[in-house]
Amino acid sequence: MMKDRWVVNAIAAGVVFVSVSYSLFVGGVTFYDPNVSSTLRSPAIIMAAGVLALATILLSKTQLSRPLIPVPVEACANCGKESGDAVELKVCAPRRLVKYFGVVCQRARRKHTAELKEERLFTKGCQERPEEDFCPICTLPIPMPMDNHSGFYLCCMKRVCHGCVVATATRGTRFNVDCPFCRTPAPIMEVFISSSELAMVQKRVDSKDPEALRFLGDKYYFGRHGLEKDVPRAIELWSEAAELGSLEAHNRLAEFYLGDEIGVTADGVARNFSKAVRHWEEAAIRGHVESRHNLGVRECGEGNHERAVKHLLISAKMGDKSSLDVIKDMFVGGVASKDQYADALKGYQEAMEEMKSPERVEAKKRMKDMESWR
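Note that the coordinates shown come from a computational prediction; the quantities given were computed from them, not determined experimentally.

Draft legend 1. Expanded view of the overall build of the protein. When helices and strands are tallied, the protein shows 14 helices and four strands. Taken across its 374 residues, the protein has 35% of its residues classed as buried. In the protein, 51% of the contacts between residues at least 6 apart in sequence involve partners at least 24 apart. Accessible surface computed for the protein: about 23100 Å², of which carbon and sulfur atoms make up 57%.

Draft legend 2. Inspection of the packing of helix H11 (residues 305-317) against helix H12 (residues 321-332) at higher detail. Interhelical geometry of H11 versus H12 gives an angle of 145° and a closest axis separation of 8 Å. Seen from above, H11 lies across H12 with left-handed handedness. Residue-level contacts link His-305, Ala-308, Val-309, Leu-312, Leu-313, Ser-315 and Ala-316 of H11 to Ser-323, Leu-324, Val-326, Ile-327 and Met-330 of H12. Here the residues of the contact of H11 with H12 sort into nine nonpolar, three polar and no charged.

Draft legend 3. Region of the structure containing helix H9 (residues 273-285). The end-to-end C-alpha distance of H9, which contains 13 residues, comes to 18 Å, matching closely the 18 Å that a straight helix rising 1.5 Å per residue would cover. By the burial criterion, the buried members of H9 are Ala-276, His-279, Trp-280, Glu-281, Ala-283, Ala-284 and Ile-285. Just past H9, the residue Gly-287 takes up positive phi, approximately 100°.

Draft legend 4. Representation of the pairing of strand S3 (residues 150-153) within the structure. In S3, alternate side chains face the same way, and those of Ser-150 and Phe-152 on one face and Gly-151 and Tyr-153 on the other are all buried. Two elements, S3 and strand S4 (residues 158-161), share four bridges in a ladder whose sense is antiparallel. When the bridges of S4 are listed, Phe-152 appears paired with Arg-159. The turn joining S3 and S4, which pair antiparallel and follow one another in sequence, is formed by four residues; a positive phi near 55° is taken by Met-157.

Draft legend 5. Just the confidence of the model for the protein, in detail. Confidence in the prediction for the protein averages 78 pLDDT; 65% of positions are at 70 or higher. Confidence scores differ between elements of the protein, with helix H1 (residues 2-32) showing the lowest mean pLDDT of 55 and H12 the highest of 96.

Draft legend 6. Geometry of the pattern of salt bridges. In total, this model carries 17 salt bridges according to the counting rule given. Here Arg-129 ties to Asp-133 by a salt bridge, and the two come within 3.2 Å at their closest N and O atoms. With respect to class, Arg-129 is no different from Asp-133; both count as buried. In this structure, Arg-252 and Glu-248 form a salt bridge, with 2.3 Å as the shortest nitrogen-oxygen distance. Linking Arg-252 with Glu-248, this pair stays in helix H8 (residues 247-258), spanning four residues, or about one helical turn.

Draft legend 7. Structural context of the side chain of Ser-246. Note on placement: Ser-246 falls in the loop between helix H7 (231-243) and H8. Within polar-contact distance, the side chain of Ser-246 engages the backbone nitrogen of Ala-249 at 3.3 Å.

Draft legend 8. A look at the packing of H7 against H8. Where H7 contacts H8, the axes come no closer than 8 Å and their chain directions differ by 140°. Here H8 runs oblique to H7, going by the angle between their axes. You can see that H7 and H8 cross each other, and the crossing is left-handed. From H7, Val-231, Ile-235, Trp-238, Ser-239, Ala-241 and Ala-242 reach across to H8, where they touch Ala-249, His-250, Arg-252, Leu-253, Phe-256 and Tyr-257. Its residues placed into classes, the contact of H7 with H8 shows nine nonpolar, two polar and one charged.

Draft legend 9. The arrangement of unusual backbone geometry in detail. Backbone torsion omega between Met-144 and Pro-145 reads -10°, so that peptide bond is classified as cis. Positionally, Pro-145 belongs in the loop between helix H3 (103-123) and S3. In the Ramachandran plot, Met-157 falls in the positive-phi region, its phi being about 55° despite a non-glycine side chain. Looking at Met-157, the relative accessible area reads 7%, which means it is buried.

Draft legend 10. Geometry of the packing of aromatic side chains. Taken as a whole and assessed by the stated rule, the structure comprises five aromatic pairs. Both rings, one in Tyr-221 and one in Trp-238, keep their centres 5.2 Å apart while their planes meet at 40°; by these two values the pair is tilted. Here the residue Tyr-221 occupies a position in helix H6 (residues 210-222), and Trp-238 occupies one in helix H7, the gap between them amounting to 17 residues. Side by side, Tyr-221 and Trp-238 carry an identical accessibility label, which is buried. Taking the ring centre of Tyr-221 as reference, the NZ or CZ of Lys-229 above it sits at 5.7 Å. Just above the ring of Phe-122 sits the side chain of Lys-310; from NZ or CZ to the centre is 5.2 Å.

Draft legend 11. Looking closely at the nonpolar core. Formed by 47 residues in total, the largest nonpolar core has its most connected members in Val-201, Val-205, Leu-216, Ile-235 and Phe-256. With seven residues, the single largest contributor to this core is H7. Look past the residues within four positions of Leu-216 in its chain and what remains in contact with it is Leu-198, Gln-202, Val-205, Leu-227 and Leu-237. Counting 13 residues, the second largest nonpolar core, distinct from the first, contains Ala-308, Ile-327, Met-330 and Tyr-348.

Draft legend 12. How the structure looks around H11. Given a rise of 1.5 Å per residue, 13 residues ought to cover 18 Å, and the 18 Å separating the end C-alpha atoms of H11 matches this to within 8%. Buried within H11 we find Ala-308, Val-309, His-311, Leu-312, Leu-313, Ile-314, Ser-315 and Ala-316. Of the residues one or two after H11, Gly-319 is the one with positive phi, at around 100°.

Thresholds, definitions, all that
Residues numbered from 1 in each chain as written. Predicted model: local features only at pLDDT ≥ 70, side-chain atom pairs only at ≥ 80, totals over all residues. Heavy atoms only, no water. Helix = DSSP H or I, 4+ residues; strand = E, 2+ residues; numbered from the N terminus. Buried < 20%, exposed > 50% of the residue type's maximum accessible area, 1.4 Å probe, protein only. Contact = heavy atoms within 4.5 Å. Areas by Shrake-Rupley, 256 points an atom, 1.4 Å probe, with all protein chains shown as cover. Axes fitted to C-alpha atoms, helices over the stretch in contact; angles between N-to-C directions. Left-handed = near helix turned anticlockwise from the far one by under 90°. Nonpolar A, V, L, I, M, F, W, Y, C, P; charged D, E, K, R; others polar. Expected span 1.5 Å × (residues − 1). Pairing = 2+ DSSP bridges. pLDDT = per-residue confidence, 0-100. Salt bridge = Lys/Arg side-chain N within 4 Å of Asp/Glu carboxyl O. Polar contact = N/O pair within 3.5 Å; in protein donor to acceptor, adjacent residues only side chain to side chain. Parallel < 35°, antiparallel > 145°, perpendicular 65-115°, else oblique. Phe/Tyr/Trp six-rings, centres within 6.5 Å; stacked < 30°, edge-to-face > 60°. Lys NZ or Arg CZ within 6 Å of the ring centre and 35° of its normal. Core = buried A, V, L, I, M, F, W, Y, C linked by side-chain atoms within 4.5 Å.

Spelled out as structure tokens, the structure:
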């Protein structure tokens, strides 16, 4: 780029030199020969030459100061070598987005990509559960399964643990029935919903709330609360919710594509294992416990016991009793070691200890009393 700028500056200097020389020439000729042609000594010609010189100088200062756009050069996606006259790159057949020198580079690239995916799968989402798994009031993780230890409120699309629900309801001199989080009078629970309340959910759907999209997708899939069953609409809502960050929507899609034992889903759609596993992996990488457990169970069913234990250890240490039970069964069956089961048991106990609170103990006691009255 410096060389190009030097060339333009040289041209500009040459134009200035020609303009000045022309001016001196016209002046000298006029002095000795007053009858010289007026066109030759016209000020317009001299001014045009000066303007041309000025424009050339400005071009050298502005246009060439901008970075030059590099010419794209095709290179092998594996080794990085550029293509030339002697070597021609081959397009990767499945996606046609990258090119390789040959089969060796293509296989090496695929192996490296698989290793990176494997590393990401077992290092991401292993330490802490996602934000939506925490009670927004006490900020403690909700025990698994969350539906048995919390309530989901449509007024604010929040899941509140039973400990905070009981503590809020019994606070003061009267029994409080307001939403424990947003204080909406007569909170709207997921199990009780009218047409007007469904319209409120629709407003949240229109504003692209991922939890509202997931919730409405559930209702369309099962045909509940006055909605006619519409599986394509449910899949559309779940897919949009998953794109916006709903991990539970990923889990819903995975369970849908997994289908049943006869090779089709409940709605006659062909099973798609790759889509199911992809949705589970995406959710598991971001800390979704149930998706991680499902991956472990699937690997165990396919005989990949080492990978299964890796998944189940992660979910058990996040407080999933089902994962601990599967590892115990694998240990009894001789496909998991004693150390692995002990590690899972210790991690599970630590997770459960972290989720304890006096309010939750009181709520659990009250729920047992209510069950005994029935």
